[in-house]
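Listed below, chain by chain, are the residues.
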Amino acid sequence: METLNQQVPRLLALGDGAWTLEFGNEISASINARVTGLADRVNRVRHELPLLASVTDVVPTYRSLTVHFDPSDSHADELGAWLLALGRAGHTDERKGRQWCLPVCFDEDFAPDLPTLAAAKELTADQVIERLLAAEFRVYLIGFLPGFPYMGGLPAELSMPRLASPRQRVPKNSLAVAGEMCSVYPWESPGGWNLLGRTPVQLFDLQHAEQPAMLAAGDRVRWYAIQRDEYERLLALSQSSGLPRETFLQQEDVTCQA
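Everything numeric here is computed off the predicted structure, so don't read it as measured data.

Caption draft 1: Local environment of the overall build of the protein. Helix and strand counts for the protein come out as 5 helices and 13 strands. Scaling as 2.2 N^0.38, a compact globule of 258 residues should have a C-alpha radius of gyration of about 18 Å, and the protein matches this with 20 Å. Seen along its three principal axes, the alpha-carbon backbone of the protein occupies a region of about 60 × 45 × 40 Å. Buried residues in the protein amount to 50% of all 258 residues. Sequence-distant contacts, at least 24 apart, represent 66% of the contacts inside the protein between residues at least 6 apart. Here the protein has roughly 13000 Å² of accessible surface; of this, 51% comes from carbon and sulfur atoms. For the protein, the distance from the average position of its 23 positive side-chain charges to the average position of its 33 negative side-chain charges is 1 Å.

Caption draft 2: Seen up close, the environment of Phe 248. Relative to the helices and strands, Phe 248 is located in the segment after helix 5 (228-239). By relative accessible area, Phe 248 is classed as buried at 3%. Considering only alpha carbons, one finds Phe 248 and Ser 64, 184 residues apart in sequence, at a separation of 29 Å. Setting aside chain neighbours within four positions, we find Phe 248 in contact with Gln 99, Trp 100, Cys 101, Leu 102, Pro 103, Val 201, Met 214, Tyr 224 and Leu 243.

Caption draft 3: How the structure looks around the side chain of Thr 20. You can see Thr 20 is positioned in strand 2 (residues 18-22). Within polar-contact distance, the side chain of Thr 20 engages the side chain of Thr 66 at 2.7 Å.

Caption draft 4: Up close: the nonpolar core. Within the largest apolar cluster, 41 residues are counted, with the highest numbers of intra-cluster contacts made by Leu 102, Phe 137, Val 221 and Trp 223. Elements that contribute at least two residues to this core include exactly strand 5 (99-105), helix 3 (114-120), helix 4 (125-134), strand 6 (137-142), strand 9 (174-178), strand 10 (181-185), strand 13 (220-226) and helix 5. Considering each element in turn, this core owes the most residues, 5 residues, to strand 5. Grouped together as the second largest cluster of nonpolar side chains are 21 residues, Ala 39, Val 42, Leu 51 and Leu 65 included.

Reading the values: rules and limits
- Residues numbered from 1 in each chain as written.
- Predicted model: local features only at pLDDT ≥ 70, side-chain atom pairs only at ≥ 80, totals over all residues.
- Heavy atoms only, no water.
- Helix = DSSP H or I, 4+ residues; strand = E, 2+ residues; numbered from the N terminus.
- Rg over C-alpha atoms; globule rule 2.2 N^0.38 Å.
- Buried < 20%, exposed > 50% of the residue type's maximum accessible area, 1.4 Å probe, protein only.
- Contact = heavy atoms within 4.5 Å.
- Areas by Shrake-Rupley, 256 points an atom, 1.4 Å probe, with all protein chains shown as cover.
- Lys, Arg positive; Asp, Glu negative; His and termini not counted.
- Charge placed at Lys NZ, Arg CZ, Asp CG, Glu CD.
- Polar contact = N/O pair within 3.5 Å; in protein donor to acceptor, adjacent residues only side chain to side chain.
- Core = buried A, V, L, I, M, F, W, Y, C linked by side-chain atoms within 4.5 Å.

What follows is the structure in structure tokens.
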């Protein structure tokens, strides 16, 4: 029997103003590529096809795509059938996501949960950092907070549950892990993920009006370690808008490092 996470998408009504197309029941790069592929397809033609005139938002997640539309549109059923047909056609993400090399500082006050994670995994802190820096992460979606990237690719040996008691205040720009996911808190906020470092890069900036969130679904991220003085230097530049985002785009065949 074919299961949902193998092939066939499911179309679900989300109230009377949205369709959700589910592609699977697990987090995987292949399923997410189908989600982002369909999202790109819809966004490319949404202002050209009369059928999509009522679409107000296109929201990709790990394993599903939700398309919001004006509920007064009489073509809602036709829109749902169109989405399901495209989903079954197997469109995958044709974009080559941007490759980012982002700096992170692992100083003790930036990484309060690093010793706990290292002890739980019978590793040294340096070994945890080494494994983190060797991994490549895929941005599955932006959510929870503006600019908060949910990134898969954390090595299984670094997997840790969320904290039993979430912090009331997680410092802005904290690099954190939970389960097999990695992220950065772009704002000071409550949070229960394990804090392993801090980046000086601003992942959400309203001065970039067209795309305030620096990362997007489909992007890939690698980290490189920096010392505290370099962190302070880059932070000052970033806060003064003197550090273009393009600084951290990785060129082909260039190693991600300071």
